[in-house]
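# Summary of structural features
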Amino acid sequence: MPRRKIFEEKGRWLEIKPVVRLLTEKQEVVLATINRFGVISLTQVAEYLKGQISHVSVYSTKDKLLKLGMIKAEKIGKPLILYIKPTGVEYLGNTLTPFTKINFSTLQHQLTMNDCILALKRLTEKRGDTFNFISERELRSQYLDQNFSPAERRNATLLKRVPDRIPDFVVEDDEGGIAYEVELTRKTSKRYLRKMERYKDEILNGRYRQVRYLCENEKIRQAVTEQAQKADVPPHMLQIEMIGRLLQVGEDE
């Protein structure tokens with residue numbers, strides 16, 4: 001441990017206690033990854049950091065983070081689900097909103113969304129390019145910072161509307177950002193139409209260059225297609241794909 005520094009300020013001797021670094025650099029990368037996603041399975045963390053940090057290091061880091069109370073883990077079916085705790089966010093000095101608990105009603109959507117990000121990452125890196133994305137957790141934090149007052153952040157009704165105003169995640173490259181929507185269940189026509197209109201405006205304003213819907217089944221794909229036509233979304237602004245197809249192609253790579 002480094003020595004404490006003593007210095008005089010305005011006639012008073014002050015003692016500066018050394019900063020204790022609880023985690024190694026690689027362990028901080030694991031923690032930061034969990035923080036970006038908010039909720040992610042242990043195997044997904046290991047896959048995301050493949051080539052950068054070994055599976056063994058990821059698994060041993062998980063144990064240390066649990067012991068320090070920076071993350072929490074729950075066994076749900078086969079996967080071990082990890083999620084960031086306020087202590088972990090604070091340690092990172094991060095500005096993302098502290099995460100407190102898993103929302104089981106949206107857990108499957110979150111894990112599928114993670115799988116889609118991993119598939120896109122593999123495809124991008126296969127081409128020799130760098131994969132850059134903004135997670136839903138990061139997008140949500142940005143939206144709250146830009147549009148919500150402290151009082152509004154405590155309004156549960158307003159907070160429930162946020163997912164309809166941001167993408168599930170965004171992938172960025174040299175040509176701009178692509179907004180992604182992961183659709184596991186069919187939404188109302190009105191809800192699709194509102195979001196299509198919003199994306200049209202955001203693409204025209206240069207916020208994104210395209211929106212891509214990843215659909216769980218053919219019925220959802222058809223519903224998205226119909227509402228896009230009603231909203232007069234130009235073909236170059238919208239791409240609709242099947243989740244299974246993306247995951248299969250990503251796995252083959």
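In this report, we go over the structure that sits alongside the text.

Conventions and cut-offs
- Residues numbered from 1 in each chain as written.
- Predicted model: local features only at pLDDT ≥ 70, side-chain atom pairs only at ≥ 80, totals over all residues.
- Heavy atoms only, no water.
- Pairing = 2+ DSSP bridges.
- Helix = DSSP H or I, 4+ residues; strand = E, 2+ residues; numbered from the N terminus.
- Axes fitted to C-alpha atoms, helices over the stretch in contact; angles between N-to-C directions.
- Contact = heavy atoms within 4.5 Å.
- Expected span 1.5 Å × (residues − 1).
- Buried < 20%, exposed > 50% of the residue type's maximum accessible area, 1.4 Å probe, protein only.
- Arc of directions from axis to C-beta.
- Salt bridge = Lys/Arg side-chain N within 4 Å of Asp/Glu carboxyl O.
- 1 Å grid on protein atoms, 1.4 Å probe; cavity = no way out; pocket = protein on both sides within 12 Å on 5 of 7 lines; lining within 4 Å.
- Points joined across faces, edges and corners; volume = space filled by probe spheres on them.
- Nonpolar A, V, L, I, M, F, W, Y, C, P; charged D, E, K, R; others polar.

The sheet built from 5 strands is open, its strands ordered β6-β7-β8-β9-β10 with mixed pairing. At either margin of the open sheet sits one strand with a lone partner, and together these are β6 (132–134) and β10 (238–242). When the angles between neighbouring strand axes are averaged without regard to direction, this sheet yields 25°. Across 5 bridges, strand β9 (residues 210–215) lies against β10 in parallel orientation. The partner of leucine 214 across the bridge, within β10, is glutamate 241. Sheet contacts for helix α9 (residues 218–230): β8 (176–183), β9 and β10; angle to β10, the most-contacted strand, approximately 170°.

The end-to-end C-alpha distance of helix α3 (residues 55–68), which contains 14 residues, comes to 20 Å, matching closely the 20 Å that a straight helix rising 1.5 Å per residue would cover. For α3, the complete set of buried residues consists of Val58, Thr61, Lys62 and Leu65. Projected down its long axis, α3 shows its buried positions confined to an angular sector of 115°, all on one face. Looking at α3, the residues exposed on the side facing more than 90 degrees away from the buried face are Val56 and Lys67. Its buried side turned inward, α3 meets α1 (25–37), α2 (42–48), β4 (71–75) and β5 (80–84). Count one or two residues on from α3 and you reach glycine 69, which has phi positive near 75°.

The next thing to look at is the sheet that holds β5. Spatially, β3-β5-β4 is the arrangement adopted by the 3 strands of the open sheet, whose pairing is antiparallel. The open sheet has two free edges, formed respectively by β3 (39–41) and β4, since each of these has just one partner strand. Within the sheet, the average angular offset between the axes of one strand and its neighbour, ignoring direction, is 25°. In this structure, β4 lies alongside β5, joined through 5 bridges in antiparallel fashion. Counted as the bridge partner of isoleucine 71 is isoleucine 84 from β5.

If you walk through the whole model with that rule in mind, you get 11 salt bridges. Across the salt bridge formed by arginine 21 and glutamate 28, the nearest N and O atoms sit 3.3 Å from each other. With a relative accessible area of 22%, glutamate 28 lands in the partly exposed category. Two residues, glutamate 183 and lysine 187, come together in a salt bridge whose shortest N-O distance is 2.8 Å. Judged by relative accessible area, which is 24%, lysine 187 ranks as partly exposed. Overlapping salt bridges, with partners in common, bring together Asp173, Glu175 and Arg209 in one network.

Let us look at the layout of surface pockets. Considered as a void within the structure, the second largest pocket measures approximately 320 Å³ in volume. If you go around the second largest pocket, you meet 16 residues; those closest to its centre are Thr124, Arg127, Val171, Glu172 and Asp173. Residue assignment for the lining of the second largest pocket shows that the elements contributing at least two residues are α5 (107–126), β7 (169–173) and β8. Grouping the constituent residues of the lining of the second largest pocket by class yields 6 nonpolar, 3 polar and 7 charged.

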